[in-house]
Amino acid sequence: MDLISIIVPCYNEQESLPLFYEEMNRVMEQMKGTADFELLLVDDGSTDRTLEEMRTLAKKDCRVRYVSFSRNFGKEGALYAGLQKAKGDYIAVMDADLQDPPSLVPEMYRTLKTTDYDCVATRRRNRHGEPPVRSFLARCFYGIFNRMSQVRMKEATRDFRLMTRRVLDAILSMQEYNRFSKGIFSWVGFRTKWLEFENVERVAGKTKWSLKALLRYSMEAFLSFTTAPLLFPLVLGVLLGVFSVVLLIVLGVSAACGNPLAWYWILIDALAFFGGLQLVCLGVFGAYFSKMYMEIKNRPIYIVKEQSEEGEACDR
Ligand code: UDP
Ligand code: MG
């Protein structure tokens, strides 16, 4: 029978966690005989009674395992730890606050079992109950990000997903320190089916994402998945250079025709030209730097989905 690992990052979720377990337990009972489960709870340095709750659950239910961090490392770190420790054939990640409905798990599992998909991911159909400023900023973020990065990200996606072991292995092969999971999930590829569901408010506790934290998070996305900004000076420098050369020709003609003011403008134009030249130099530096940056990340060059067995062709 297949083993499904459910990874749950938890930061100060003492109220949500028991509720989550209850709900998840219902699903696990419902799927009894279809699949086995392990619940991997990751305590991301909580300062409340989250860890005690985890100990209690682990004592009560042998399917529950937990890891506890020495301090708060952020959700990305907690996710990574969970993914590394998962033993399942299928692996799901979901939040502790029931914003990711456990009731979707059976359908996700069925999809992976019966179709060619490697991953079932989720997105919210709407952003009801979210502050309008936050929705607006999120939309701007996805718009700009998708234009600048080669990695495509859908709007309103959640981290909540169920994936096969081979997708997990691909994710783990990306060993970069600064992790932006939404980007990583997309970068590794594989066929992904999207499920949509209505936005639900968290059951208890409060969100850990302040506006500042969200801005830092989007910054992480840009820095991890695009080096396009490093090439801005190059583009700007070339534009400025071309513009000042064209202007120089016009001003040259004007000066030749006896316009005394033209000489004054030629001087200013020369300044613009050299400014452009400096930007180009900076851009060239940026171009090399962007290559170096990606090289240091040490990402895999490619990811194999499956391959034929050794010697398969020779048996004929
Ligand atoms: N979380 C975490 N470490 C953090 C912040 C959050 O492990 O530093 C967990 C949190 O306990 C929850 C999930 O990440 O299970 C999502 O957090 P939250 O619900 O606050 O985010 P939102 O749903 O508001 O985007
Ligand atoms: Mg939440």
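For the structure, check the block above.
Being a predicted model, the structure only gives us computed values, none of them experimental.

Engineer: Now, about the layout of surface pockets: what can you tell me, with residues and values included?
Structural biologist: By volume, the second largest pocket is sized at about 590 Å³. Surrounding the second largest pocket, 20 residues form its lining, Gln150, Trp187, Thr227, Met294 and Arg299 being those nearest its centre. Tallying contributions element by element places helix 10 (residues 261-297) first for the lining of the second largest pocket, with six residues. Considered class by class, the residues forming the lining of the second largest pocket number 10 nonpolar, six polar and four charged.

Engineer: With reference to specific residues and values, describe the pairing of strand 4 (residues 90-93).
Structural biologist: Burial of strand 4 is two-sided: the residues Tyr90 and Ala92 facing one way and the residues Ile91 and Val93 facing the other way are all buried. Strand direction decides the pairing type here: strand 1 (residues 2-10) and strand 4, joined by four bridges, are parallel. When the bridges of strand 4 are listed, Ile4 appears paired with Tyr90. Both strand 4 and strand 6 (residues 157-164) contribute to a ladder of four bridges, which runs antiparallel. Paired with Val93 across the bridge in strand 6 is Arg161.

Engineer: Tell me what's going on with the side chain of Ser218, and back it up with residues and numbers.
Structural biologist: Its location among the elements puts Ser218 in helix 8 (residues 211-225). Judged by its relative accessible area of 16%, Ser218 falls in the buried class. Looking at Ser218, its side chain comes within polar contact range of the main-chain oxygen of Leu215, at 3.1 Å.

Engineer: Tell me about the environment of Gln14, and please be specific about residues and values.
Structural biologist: Here Gln14 shows up in the loop between strand 1 and helix 1 (16-30). With relative accessibility at 25%, the residue Gln14 sits in the partly exposed group. Separated by 37 residues in sequence, Gln14 and Leu51 have C-alpha atoms that sit 8.1 Å apart. Apart from the residues within four sequence positions on either side, Gln14 is in contact with Asp48, Arg49, Thr50 and Glu53. For Gln14, the side chain forms a polar contact with the main-chain nitrogen of Arg49, separated by 2.9 Å.

Engineer: Quick one: what's the story with the site of ligand 1, residue by residue and with numbers?
Structural biologist: Around ligand 1 sit 18 residues, and of these Glu13, Asp44, Gln99, Arg202 and Thr207 come closest. Between Asp97 and ligand 1, the recorded distance is 2.7 Å, taken from a side-chain N or O atom to an oxygen atom. The side chain of Arg202 places a nitrogen or oxygen atom 2.6 Å from an oxygen atom of ligand 1. Protein contact buries 91% of the 540 Å² of open area that ligand 1 shows by itself.

Engineer: Could you give me a rundown of the packing of helix 5 (residues 132-148) against helix 8, with the residues and numbers involved?
Structural biologist: Between two packed helices, the angle of one axis relative to the other and the distance separating the axes together describe the packing. Relative orientation of the contacting elements helix 5 and helix 8 amounts to 5°, with a least axis distance of 11 Å. For the element pair helix 5 / helix 8, the angle class is roughly parallel. Packed against helix 5, whose contacting residues are Arg134, Leu137, Phe141, Ile144, Phe145 and Met148, the element helix 8 presents Leu211, Leu214, Ser218, Ala221, Phe222 and Phe225 at the interface. Residue composition of the contact of helix 5 with helix 8, by class: 10 nonpolar, one polar and one charged.

Calculation criteria
Residues numbered from 1 in each chain as written. Chains lettered and ligands numbered in written order. Predicted model: local features only at pLDDT ≥ 70, side-chain atom pairs only at ≥ 80, totals over all residues. Heavy atoms only, no water. 1 Å grid on protein atoms, 1.4 Å probe; cavity = no way out; pocket = protein on both sides within 12 Å on 5 of 7 lines; lining within 4 Å. Points joined across faces, edges and corners; volume = space filled by probe spheres on them. Helix = DSSP H or I, 4+ residues; strand = E, 2+ residues; numbered from the N terminus. Nonpolar A, V, L, I, M, F, W, Y, C, P; charged D, E, K, R; others polar. Buried < 20%, exposed > 50% of the residue type's maximum accessible area, 1.4 Å probe, protein only. Pairing = 2+ DSSP bridges. Polar contact = N/O pair within 3.5 Å; in protein donor to acceptor, adjacent residues only side chain to side chain. Contact = heavy atoms within 4.5 Å. Near = heavy atom within 4 Å. Areas by Shrake-Rupley, 256 points an atom, 1.4 Å probe, with all protein chains shown as cover. Axes fitted to C-alpha atoms, helices over the stretch in contact; angles between N-to-C directions. Parallel < 35°, antiparallel > 145°, perpendicular 65-115°, else oblique.

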